[in-house]
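Residues per chain, in single letters:
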Amino acid sequence: SLEQFEKTMSELKLAYPKKIQEALPANMVCGQLTAKRFLTPRVSGGIPEVTVHDVYEHRKNVMLIDVRRPEEFNNEYGHIEGARLVTLGPELEQFLQTADKEQEIVFICRSGGRSAQATELALSMGFKHAANMAGGMITWNLHQLPVERNTEVRS
């Protein structure tokens, strides 16, 4: 009976199973571990968006793609440390064709408009974890978050 089984098991005084924290979640999804996600976007107008504070907190754990033009990357608004410049248009389309579709990506621009377009494009190409940084670099600067300027443009 269930009672007998529980009594027998409790009398064995077995140690807590090693790696149970990994095994149990994997068993609950048929053995497939899911990658840890850092951002939880909210959907606005059909586009997943994250706040500048979310990006600041997780900027080292997600891919940051700045879709502005090269001359904007180091202008008055600067750019986020570690952001990669991939201009909206053919350059971004080419980048997305080879990028990891499971990667968490945040798209960034001046005010959030172009990065929303980039997010929509990425989602249409099968990316599962793409988000727009709401308000863009204008909002980032309004919150006085750190920026870089006058650095070599990375593409």
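Everything discussed here concerns the structure shown above.
Cut-offs applied
- Residues numbered from 1 in each chain as written.
- Predicted model: local features only at pLDDT ≥ 70, side-chain atom pairs only at ≥ 80, totals over all residues.
- Heavy atoms only, no water.
- Helix = DSSP H or I, 4+ residues; strand = E, 2+ residues; numbered from the N terminus.
- Buried < 20%, exposed > 50% of the residue type's maximum accessible area, 1.4 Å probe, protein only.
- Contact = heavy atoms within 4.5 Å.
- Salt bridge = Lys/Arg side-chain N within 4 Å of Asp/Glu carboxyl O.
- Phe/Tyr/Trp six-rings, centres within 6.5 Å; stacked < 30°, edge-to-face > 60°.
- Lys NZ or Arg CZ within 6 Å of the ring centre and 35° of its normal.
- Axes fitted to C-alpha atoms, helices over the stretch in contact; angles between N-to-C directions.
- Left-handed = near helix turned anticlockwise from the far one by under 90°.
- Nonpolar A, V, L, I, M, F, W, Y, C, P; charged D, E, K, R; others polar.
- Core = buried A, V, L, I, M, F, W, Y, C linked by side-chain atoms within 4.5 Å.
- Pairing = 2+ DSSP bridges.

### Details of the overall build of the chain
Moving on, step 1. Helix and strand content of the chain: 7 helices and 6 strands.
Moving on, step 2. When its helices and strands are written in sequence order, the chain yields α-α-β-β-α-β-α-β-α-β-α-β-α.
Moving on, step 3. Considering the chain as a whole, with its 155 residues, one finds that 34% of them fall into the buried category.
Moving on, step 4. Sequence separation of 24 or more characterises 66% of the internal contacts of the chain that already satisfy a separation of 6 or more.

### Regarding the pattern of salt bridges
Moving on, step 1. Under the definition given, this model contains 9 salt bridges.
Moving on, step 2. Across the pair E102 and R37 runs a salt bridge, and its minimum N-O distance is 3.8 Å. Placement of the pair is E102 in the loop between α5 (90-98) and β5 (105-108) and R37 in the loop between α2 (20-28) and β1 (42-44), with a sequence separation of 65 residues.
Moving on, step 3. Here R37 falls in the partly exposed class, since its relative accessible area comes to 28%.
Moving on, step 4. Note that E49 is salt-bridged to R42, the shortest N-O span being 3.7 Å.
Moving on, step 5. If you follow the salt bridges from partner to partner, you end up with R69, E71, E72 and R114 in one network.

### So, the environment of N141
Moving on, step 1. In this structure, N141 sits in helix α7 (residues 136-142).
Moving on, step 2. Classification of N141 as partly exposed rests on a relative accessible area of 22%.
Moving on, step 3. Put simply, N141 and E76 are 65 residues apart on the chain and 9.6 Å apart in space, counted from C-alpha to C-alpha.

### What to know about the packing of aromatic side chains
Any two aromatic rings considered together are summarised by their centre-to-centre distance and by the angle between their planes.
Moving on, step 1. Applying the stated criterion across every chain yields a total of 1 aromatic pair.
Moving on, step 2. Over the ring of Y56 we find R59, and its NZ or CZ is 4.0 Å from the ring centre.

### Some thoughts on the packing of α5 against helix α6 (residues 113-124)
Moving on, step 1. One way to put it is that α5 packs onto α6 with a least axis distance of 11 Å and a crossing angle of 35°. The hand of the α5/α6 crossing is right-handed. Residues L92, E93 and L96 of α5 form the contact with α6, whose participating residues are A118, L121 and A122.
Moving on, step 2. Here the contact of α5 with α6 is built from residues that sort into 5 nonpolar, no polar and 1 charged.

### Regarding the nonpolar core
Moving on, step 1. In this structure, V55, L64, I80, V106, M133 and W140 are the most contacted members of the largest nonpolar core, which totals 16 residues.
Moving on, step 2. Every element with two or more residues in this core is listed here: α3 (52-58), β5, β6 (130-133) and α7.
Moving on, step 3. With sequence-adjacent residues up to four places away left out, V106 is seen in contact with L39, V50, V55, V62, M63, L64, I65, A131 and M133.
Moving on, step 4. Counting residues in each nonpolar core, the second largest holds 14 residues, with A99, I105, C109 and A130 among its members.

### Quick notes on the sheet that holds strand β2 (residues 47-50)
For sheets, the rule is that strands pair by backbone hydrogen bonds, running either parallel or antiparallel.
Moving on, step 1. The strand order across the open sheet formed by 6 strands is β1-β2-β6-β5-β3-β4, and the pairing between neighbours is mixed. A single partner strand is all that each edge strand has here, and the edge strands are β1 and β4 (84-85).
Moving on, step 2. Both β1 and β2 contribute to a ladder of 3 bridges, which runs antiparallel. Within β2, the residue paired with S44 across the bridge is I47.
Moving on, step 3. Sheet strands in contact with α5 are β3 (63-66), β4 and β5, and its direction is about 160° off that of β3.
Moving on, step 4. On top of the sheet, α6 reaches β2, β5 and β6; it is set at about 175° to β6, its chief contact.

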